[in-house]
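# Structural characterization, general
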Amino acid sequence: YLFTDTLQLGDGFWFHAPEAAANASITVAGQVNEATTLSVDVPGNKQFKICANPFPAAVNLKNVATTGISDVGFEEMDENAARIDVRVGNIYLSYYYISDAEDASGEYVTGWADGDGYLVDSNVIEAGSSFWINSPNAGSLIFSL
């Protein structure tokens with residue numbers, strides 16, 4: 001099947017092949033993004049949106065800023081925090097936007113944290129990979145290298 005639609009930078013997609021096509025492959029062509037910053041809209045109302053890393057390099061969550069997206073405390077994160085879900089192997093890892101993430105020095109800061117409340121300071125969204133975002137508030141994610 002030839003799919004010829006154009007995806008915008010930051011757009012992700014879901015590809016599901018029937019078992020008979022287990023060896024299917026996807027070829028993506030186009031110009032490599034040379035920008036170092038990109039903004040992606042987030043719909044709010046806890047609606048999931050699939051996005052894609054817009055850069056030809058892994059993205060560190062400490063370099064993903066937000067506008068319009070509210071932070072919440074660690075105790076509220078499971079129910080009320082904006083969340084990014086990244087597939088790693090056969091599982092999804094979740095990261096939450098909270099106001100009291102613990103950084104490496106033991107300070108509490110606003111940022112993307114793992115499920116234990118620790119600030120994420122690593123490349124977690126690999127080049128070319130997609131991820132899910134949802135948030136109670138509409139806003140934007142601003143990706144920077």
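Thresholds applied
- Think of each chain on its own: its residues are numbered from 1, step by step along the sequence as written.
- Residues qualify for local features only when their pLDDT is at least 70, as the model is predicted, and side-chain atom pairs are given and counted only at 80 or more; totals for whole chains, interfaces and linings, by contrast, use all residues.
- Side-chain descriptors were evaluated using all non-hydrogen atoms of the structure, hydrogens and water having been removed beforehand.
- For Phe, Tyr and Trp, where Trp contributes only its six-membered ring, two rings pair if their centres lie within 6.5 Å, and the inter-plane angle classes them as stacked under 30 degrees, edge-to-face over 60, or tilted in between.
- Per the convention used, a helix needs a DSSP run of H or I reaching at least four residues, while a strand needs a run of E reaching at least two, with both numbered from the N terminus.
- Relative accessibility decides the category of a residue: with a 1.4 Å probe and only protein chains considered, values under 20% of the type maximum give buried, values over 50% give exposed, and everything between is partly exposed.
- Two strands pair under a simple rule: DSSP has to find at least two bridges between them.
- Note on geometry: axes are C-alpha line fits, over the in-contact stretch for helices, and angles between N-to-C directions span 0 to 180 degrees.
- pLDDT measures how confident the predictor is about each residue, on a scale from 0 to 100.
- A patch is a set of surface residues, each over 30% in relative accessible area and not in a salt bridge, joined within 9 Å for like charges and within 5 Å for the nonpolar side chains Val, Leu, Ile, Met, Phe, Trp and Tyr.
- Per-residue and other accessible areas were derived by the Shrake-Rupley procedure at a 1.4 Å probe size, with only the shown protein chains allowed to occlude residues.
- Here, a salt bridge means any Lys or Arg side-chain nitrogen found within 4 Å of an Asp or Glu carboxyl oxygen.
- The criterion used for residue contact is that any of the two residues' heavy atoms lie within 4.5 Å.

## Focus: the packing of aromatic side chains
- Applying the stated criterion to the full structure yields three aromatic pairs.
- An angle of 90° between the planes, with centres 6.2 Å apart, marks the rings of F48 and W132 as edge-to-face. Here W132 lies in strand β9 (residues 130-134) and F48 lies in the loop between β1 (37-42) and β2 (49-52), a separation of 84 residues in the sequence.
- Judged by its relative accessible area of 45%, F48 falls in the partly exposed class.

## Here's the deal with the sheet that holds strand β7 (residues 108-113)
- Read across the open sheet, the five strands follow the order β2-β9-β5-β6-β7; overall the sheet is antiparallel. Taken across any chain shown, the strands that pair with only one partner, and hence form the sheet edges, are β2 and β7. When the angles between neighbouring strand axes are averaged without regard to direction, this sheet yields 30°.
- Pairing of strand β5 (residues 83-88) with strand β6 (residues 91-102), which is carried by six bridges, proceeds in the antiparallel orientation. Bridge assignment links D85 to a residue of β6, and that residue is S94.

## Concerning the confidence of the model for the protein
- A residue-level look at the protein finds 78% of positions with pLDDT of 70 or above and a mean pLDDT of 85.
- Summarising per-element confidence for the protein, the mean pLDDT is lowest in strand β8 (residues 123-125) (86) and highest in β7 (96).

## Side note on a nonpolar patch on the surface
- Side chains of V88, I91 and L93 sit close together on the surface and give an oily, nonpolar patch of about 230 Å² of accessible area.
- By the element assignment, V88 lies in strand β5.
- Given the relative accessible area of 41%, V88 is considered partly exposed.

## What about the environment of G68?
- Inspection of the secondary structure puts G68 in the loop between β4 (64-67) and α1 (77-80).
- Once you skip the residues sitting within four places of it in the chain, G68 turns out to touch N137, A138 and G139.

## A word on the pattern of salt bridges
- A complete count under the given rule lists two salt bridges for this structure.
- A salt bridge links K62 to D121; its shortest N-O distance comes to 3.4 Å. Here K62, found in the loop between β3 (59-60) and β4, pairs with D121, found in the loop between β7 and β8; they are 59 residues apart in sequence, far enough to count as distant. Each member of the pair, K62 as well as D121, is classed as exposed.
- In this structure, R83 and D85 form a salt bridge, with 2.8 Å as the shortest nitrogen-oxygen distance.

## Describing the environment of N134
- Counting through the fold element by element, N134 comes out in strand β9.
- Classification of N134 as buried rests on a relative accessible area of 2%.
- Between the alpha carbons of N134 and I50 there is a distance of 9.0 Å; along the sequence they are 84 residues apart.

## As for the environment of F143
- Checked against the element boundaries, F143 lands in strand β10 (residues 139-144).
- Residue F143 is classed as buried on the basis of its relative accessible area of 0%.
- For the pair F143 and L38, spaced 105 residues apart in the sequence, the C-alpha separation amounts to 5.2 Å.
- Not counting residues within four places of it along the chain, the set of residues in contact with F143 comprises T36, T37, L38, V40, P54, F55, V59, N63, V64, I125 and F131.

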